[in-house]
Amino acid sequence: DAKTTQPPSMDCAEGRAANLPCNHSTISGNEYVYWYRQIHSQGPQYIIHGLKNNETNEMASLIITEDRKSSTLILPHATLRDTAVYYCIVRGVGDSGGSNYKLTFGKGTLLTVNP
Amino acid sequence: DTEVTQTPKHLVMGMTNKKSLKCEQHMGHRAMYWYKQKAKKPPELMFVYSYEKLSINESVPSRFSPECPNSSLLNLHLHALQPEDSALYLCASSQDPATSGANVLTFGAGSRLTVL
């Protein structure tokens, strides 16, 4: 799986958009970009994923560059409850097999939303 | 039901004890996972069961013994643990990525284990 690079920490003001970057320069054609987050002392939570096109759901938007070497997770109106560690993960899905299930978390970005 | 339920939430055990962590989901997911998370570190994959068979064992010591009695339940049996095994143990479930096309895991809140 492609390696990802994220800043260790970021700050954002409440009500403003939070833009979390992720570099994945070695991503291959069949690998998806996933974002999960983990609020303190809770289990990780799936946010969004995408392959080539930009994606949006009720939680966030995912912008993937045309060359797919980087992406940005956007929380449009950050709240204090969005303070969490955000993980960017690159993973392909192949034929059935054990390796398909291996989702590996990196160090992530600690996003702190300030009042 | 869109939740993964883990019990107990907290467990304190001695190094000679035998205990079990339990995980349950009713979303029809056929893959279930155990992750271990030490303080200020990312979750680390331990085991994966797919269709009730062990698919991945990330070289986990034998003092951790997983069990998948049916498609809704996942246990982690603990025996002769060490203090360094103290951590948050996370259970997750998902559809088969090969059929769903994505690795979307639903995690439980975790069981916090302290080994004395």
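Shown above is the structure to which this text applies.
In this text the structure is predicted, and so the values were computed from the model without any measurement.

Undergrad: What am I meant to see in the overall build of chain A here?
TA: When its secondary structure is counted, chain A shows zero helices and nine strands. In summary, chain A has a C-alpha radius of gyration of 14 Å against a globular reference of 13 Å for 115 residues, a match within 12%. By principal-axis analysis of the C-alpha atoms, chain A measures approximately 45 × 30 × 25 Å. A buried classification covers 42% of the 115 residues belonging to chain A.

Undergrad: I keep staring at the pattern of salt bridges and nothing clicks. Help me out?
TA: Two side chains carrying opposite charge are able to pair once their charged atoms lie near each other. Residue and element names in this part refer to chain B. Taken as a whole and judged by the stated rule, the model has five salt bridges over all chains. As a salt-bridge pair, Asp85 and Lys36 come within 3.9 Å of each other at their nearest N and O atoms. Taken together, the residues Asp85 in the loop between β8 (73-79) and β9 (87-94) and Lys36 in strand β4 (residues 31-37) connect sequence positions 49 residues apart. Lys36 carries the same exposure label as Asp85, and that label is buried. Taken together, the shared-partner salt bridges connect Lys36, Arg63 and Asp85 into one network.

Undergrad: Hey, could you run me through the state of the cysteines in this one?
TA: When the sulfur atoms of two cysteines share a covalent bond, that bond is a disulfide. Residues and elements named next belong to chain A. Going through the model one piece at a time under the given rule, you end up with two disulfides over all chains. Shown here is the disulfide that connects Cys22 with Cys88, its sulfur atoms set 2.1 Å apart. In this structure the cystine formed by Cys22 and Cys88 twists about its S-S bond by roughly -80°; its chirality is therefore left-handed. One end of the pair, Cys22, is in strand β2 (residues 18-23); the other, Cys88, is in strand β8 (residues 84-92), with 66 residues separating them in the sequence.

Each value, and the rule that gives it
- Within every chain, residues take consecutive numbers counted from 1 along the sequence as written.
- Here the convention is simple: chains get letters from A, ligands get numbers from 1, in the order in which they are written.
- Note on the predicted model: pLDDT of at least 70 is required for a residue's local features to be given, and 80 or more for side-chain atom pairs to be given and counted; whole-chain, interface and lining totals, by contrast, use all residues.
- With hydrogens and water stripped out, all remaining heavy atoms of the structure feed into the side-chain values.
- Secondary structure elements are taken from DSSP: a helix is a run of H or I of four residues or more, a strand is a run of E of two residues or more, and numbering for both begins at the N terminus.
- The quantity called the radius of gyration is restricted to C-alpha atoms. Its globule counterpart is 2.2 Å times the number of residues to the power 0.38.
- Only protein chains enter the accessibility calculation, which uses a 1.4 Å probe; a residue whose area is less than 20% of its type maximum is buried, one above 50% is exposed, and one in between is partly exposed.
- Think of a salt bridge as a Lys or Arg side-chain nitrogen and an Asp or Glu carboxyl oxygen that are within 4 Å of each other.
- Criterion for a disulfide: a pair of cysteine sulfur atoms at a distance within 2.5 Å.

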